[in-house]
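Residue-level structural notes
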Amino acid sequence: MRRGGLWALAAVGVLAVAGVVLPRWLVFLLTLAFAKGVAVLSVVVLMRAGLVSFGQGLFFAAAAYAAGFAMRGWGLREALVLVPVGVAVAVLLGAVVGLLVARYRDIFFAMLTLAFSMVLYGVLIKAYTVTGGSDGIRIPTPSVLGISRAGDEARLLVYYLALACTAGSAWLVTRYAQAPAGYLAWAVRDNEVRVAYLGAPVNRIVYGAFLLASGLAGLGGVLTALNVGHVDPGLSYWTTSGELVFVAVLGGSGSVPGALAGAVVYEVLRSYAFKYAPYAWQMMLGAAMLVIILFLPGGLWSPVERWWRRQQA
Amino acid sequence: MSQVLIIGVDGLVFASWLFLVSVGLSLIYGVLRILNVAHGSLFAVGAYSGASLVVAYSQAGNWPWGTLLALPAAALAAGLVLGPLVERGVLRWTYGREPVVQLLVTFSVFLILEDATKLLWGVSPYYAYQPYQLLGQVHIGGIDYPAYSFLLLLVAVVAGGGLWWFVRRTRFGRVVVAVIHDPEMSVALGVNLSRVYVATFALGTVLAALGGAFTAPMISVVPGIGVEVIVLAFAVVVVGGLGSLEGAAVGALLIGLVRAAAVHLLPVLELFTIYLVMAAVLLVRPLGLFGRVEVRRI
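Residues numbered from 1 in each chain as written. Chains lettered and ligands numbered in written order. Predicted model: local features only at pLDDT ≥ 70, side-chain atom pairs only at ≥ 80, totals over all residues. Heavy atoms only, no water.

Looking now at the overall build of chain B. Looking only at helices and strands, chain B has twelve helices and four strands in total. The principal-axis extents of the C-alpha atoms in chain B amount to approximately 60 × 45 × 35 Å. Out of the 298 residues in chain B, the part that is buried amounts to 52%. Sequence-distant contacts in chain B: of pairs separated by 6 or more residues, those separated by 24 or more amount to 77%. Summed over all atoms, the accessible surface of chain B reaches about 12,800 Å², with 68% contributed by carbon and sulfur. Once the 15 positive and 12 negative side-chain charges of chain B are each reduced to a mean point, those two points are 11 Å apart. (Helix = DSSP H or I, 4+ residues; strand = E, 2+ residues; numbered from the N terminus. Buried < 20%, exposed > 50% of the residue type's maximum accessible area, 1.4 Å probe, protein only. Contact = heavy atoms within 4.5 Å. Areas by Shrake-Rupley, 256 points an atom, 1.4 Å probe, with all protein chains shown as cover. Lys, Arg positive; Asp, Glu negative; His and termini not counted. Charge placed at Lys NZ, Arg CZ, Asp CG, Glu CD.)

Encoded structure:
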């Protein structure tokens, strides 16, 4: 795994330089892709345990709104405070919701998480005086490490923040995958009854994975909010969560670099598809997902991974 | 007293709508063991076909009551075309794979159908108010109700009764029940599984489209109407127990009445009643009111 780490460092280095070299719009798009990639990692963590959540938008939106309220209510501007605040809110929410949903599997899990995210969507729409209803709320430009800039330079600051957070999350998820809890989650996916017979606490493993996933989805939400400068209830809508699941499948469920690369490819493709085929881009997404599931079950990253294994053997 | 009556009527009407849009989902799950996320899109396609047929029929200046027949006709056509297409074209390749994969496949079908309806019918709204206007109002307990709501109740009862008769009294229905209980044994006894699957999926699609077609006159048919339906339908089906037809009816009644009560007594809660009922039922009975316990593999 040594070489994997070196590759990751090289990628971070290239992306750090890219922030200065690339045109502004592409930097903005990459920041969005990183934020989405972190949220996709949360789906990847759950998929490791064999669970598909159609409700990660719940944490995505909750953290984004938490950052928004902290900025407007308390006048906070420092991103290094806002990010932990958002993540903490997401994890707390996950701790409560997880108590209920960690007992369920398969479609029950998928649809219950979906229902919870739709409840938040309803709250955000209804509580007009607090959340601004379907218009959402505007988010002021944050400062990073006390440095506050305006315009393009502010975007660049958020870009580096997102890059750092993404690299940290990728490291965290990779470590989790190699830790006992990560291996047990994998075992739960294969056969949960056997795991229970071996004496491992199945529901606690699932609950732990759910907490980690909530935090990651929350981190993605905060980063998105800081980058876009606006939050709206659509962040909690179930199609947002569906998008995350889509990218996870696209990149190969269970693969960290696959998920992040998938997020970048997806964001770029989407911005073009929106421009040239606004009424057919969902259809293309659906068709692409069908093709991948039916013909390339490991995702787009799986040929790369196979090549990697051959190199190491 | 009058408030109880109003809540009862409102709840019954909403329940019949819920039953119509969710019973197909439950049927498909019961037989194919697939939770069809595309159910909402099938509903939307039904709504669009119903609305466009009603509009075309009315503009031709035909016998106005014919619009009431145009709705089920459109649903039948849409369901019989789309159902076999989706099942034969996509779903049959996923039988035997993990439930999660099947969920993702139907999610892809949902994405494709959402845009297909936009490409086929455009994005401007359709108004098919003719059947709604035609029936006028009825007077109950000092309040005027649109008579169309009661037509909805009638359609739900006919659809539910017809389905019950089909499953319990016809030969093919009994084969379907056999497949629900033990697909492997049914195949061993000579049941043609793919035929049962196609027929069931087509029937489920017709039911979804029927729900959509009869909803069309009450709303303006616009892109995106199918999205919420899948969430509602799933809630109903989970409360009743996945795969149980009686469960879908009871779940729809329960949610319909609770929501009507919330609308009149505690309007703030209206949006959440469905999820509250679902969470409460699942806490007490994780498999729903009529759910069957399944043997876990070791």
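Time to look at the nonpolar core. Of all hydrophobic cores here, the largest spans 195 residues; its most connected members are Phe54(A), Leu226(A), Trp238(A), Trp17(B), Leu35(B), Leu104(B) and Met278(B). With 14 residues, the single largest contributor to this core is helix H10 (residues 202-228) of chain A. Residue contacts for Leu226(A): discarding those within four places in its chain leaves Met71(A), Ala79(A), Leu82(A), Val83(A), Pro142(A), Val158(A) and Leu161(A). (Core = buried A, V, L, I, M, F, W, Y, C linked by side-chain atoms within 4.5 Å.)

Residues and elements named next belong to chain A. What the rule picks out here adds up to eight salt bridges over all chains. Its salt-bridge partner being Glu243, residue Lys36 comes within 3.0 Å of it at the nearest N-O pair. With Lys36 in helix H2 (residues 24-48) and Glu243 in helix H11 (residues 238-251), this pair connects stretches of sequence that are 207 residues apart. Judged on exposure class, the residue Lys36 and its partner Glu243 are both buried. (Salt bridge = Lys/Arg side-chain N within 4 Å of Asp/Glu carboxyl O.)

Right, let's talk about the interface of chain B and chain A for a bit. Tallying the contact residues gives 43 residues for chain B and 44 residues for chain A. Inspection of the chain B/chain A interface yields zero salt bridges. Counting across the chain B and chain A interface gives six residue pairs in polar contact (both at pLDDT 80 or more). Contributions of two or more residues to the side of chain B that touches chain A are made by helix H4 (99-121), helix H10 (225-240) and helix H12 (273-284) of chain B. Per-element tally for the side of chain B that touches chain A: the top contributor is H4(B), with 16 residues. (Polar contact = N/O pair within 3.5 Å; in protein donor to acceptor, adjacent residues only side chain to side chain.)

So, about the packing of aromatic side chains. The geometry of an aromatic ring pair comes down to the distance between the two centres and the angle between the two planes. Applying the stated criterion to the full structure yields 23 aromatic pairs over all chains. A ring pair is formed by Phe246(A) and Tyr266(A), whose centres lie 5.7 Å apart and whose planes are at 55°; its orientation type is tilted. Placement of Phe246(A) in helix H11 and of Tyr266(A) in helix H12 (residues 256-276) is noted, with a sequence separation of 20 residues between them. This pair shows no difference in class: Phe246(A) is buried, exactly as Tyr266(A) is. A ring pair is formed by Phe14(B) and Trp17(B), whose centres lie 5.9 Å apart and whose planes are at 20°; its orientation type is stacked. Note that Phe14(B) and Trp17(B) are positioned in helix H1 (residues 2-32) at a spacing of three residues, about one turn of the helix. (Phe/Tyr/Trp six-rings, centres within 6.5 Å; stacked < 30°, edge-to-face > 60°.)

With that settled, the discussion passes to H12(B). Two residues of an α-helix separated by three or four positions point the same way, owing to the 3.6 residues in each turn. For H12(B), spanning twelve residues, the distance from its first C-alpha to its last is 17 Å, which sits close to the expected 16 Å at 1.5 Å a residue. The complete set of buried residues in H12(B) reads Thr273(B), Ile274(B), Tyr275(B), Val277(B), Met278(B), Val281(B) and Leu282(B). Against helix H5 (106-126) of chain A together with H10 and helix H11 (245-265) of chain B lie the buried residues of H12(B). (Expected span 1.5 Å × (residues − 1).)

Taken residue by residue, chain A gives an average pLDDT of 85. The fraction at 70 or more is 98%. Averaged over each element, pLDDT in chain A is lowest for helix H14 (residues 302-312) of chain A (78) and highest for H10(A) (92). (pLDDT = per-residue confidence, 0-100.)

Residue and element names in this part refer to chain B. Mapped onto the fold, Tyr145 is located in strand S3 (residues 143-146). A relative accessible area of 8% means that Tyr145 is categorised as buried. Between the C-alpha atoms of Tyr145 and Asp10, which are 135 residues apart in sequence, the distance is 9.4 Å. If near-sequence neighbours (up to four positions away) are discounted, Tyr145 is found in contact with Ile6, Val9, Asp10, Gly136, Gln137, Val138, Ile140 and Phe150.

Another point: the packing of helix H3 (residues 66-89) of chain B against helix H9 (residues 193-215) of chain B. Residue and element names in this part refer to chain B. Two elements in contact, H3 and H9, have axes whose closest approach is 7 Å; the angle formed by their N-to-C orientations is 140°. H3 and H9 meet at a crossing whose hand is right-handed. Residue classes in the contact of H3 with H9 are distributed as 19 nonpolar, four polar and two charged. (Axes fitted to C-alpha atoms, helices over the stretch in contact; angles between N-to-C directions. Left-handed = near helix turned anticlockwise from the far one by under 90°. Nonpolar A, V, L, I, M, F, W, Y, C, P; charged D, E, K, R; others polar.)

A separate point is unusual backbone geometry. Unlike most non-glycine residues, Arg33(B) shows phi in positive territory, near 60°. By the element assignment, Arg33(B) lies in the loop between H1 and helix H2 (39-59).

This next bit is on H9(B). All names here are of chain B. A rise of 1.5 Å per residue sets the reference length of H9, with its 23 residues, at 33 Å; its end C-alpha atoms lie 33 Å apart and thus fit the reference within 8%. Burial runs high along H9: 18 of the 23 residues are buried. Between a side-chain oxygen at the N-terminus of H9 and the backbone nitrogen of Ser194 the separation is 3.3 Å; the capping residue is Asn192.

Another point: the pairing of strand S2 (residues 137-140) of chain B. Of the strand pairs in this sheet, S2(B) and S3(B) are connected by four bridges, and their pairing is antiparallel. Across the sheet, residue Gln137(B) finds its bridge partner in S3(B), namely Pro146(B). (Pairing = 2+ DSSP bridges.)

Time to look at the confidence of the model for chain B. All names here are of chain B. In this model, chain B carries an average pLDDT of 86, and 97% of its residues clear a pLDDT of 70 or more. Confidence, expressed as mean pLDDT per element, reaches its minimum in chain B at S2 with 80 and its maximum at H9 with 93. Here the prediction assigns the complex a pTM of 0.85, and the interface score ipTM is 0.81.

For the rest of this paragraph, the subject is the side chain of Ser244(B). Residue and element names in this part refer to chain B. Mapped onto the elements, Ser244 comes out in the loop between H10 and H11. The exposure class assigned to Ser244 is buried, which follows from its relative accessible area of 9%. Once you skip the residues sitting within four places of it in the chain, Ser244 turns out to touch Ser26 and Phe290.

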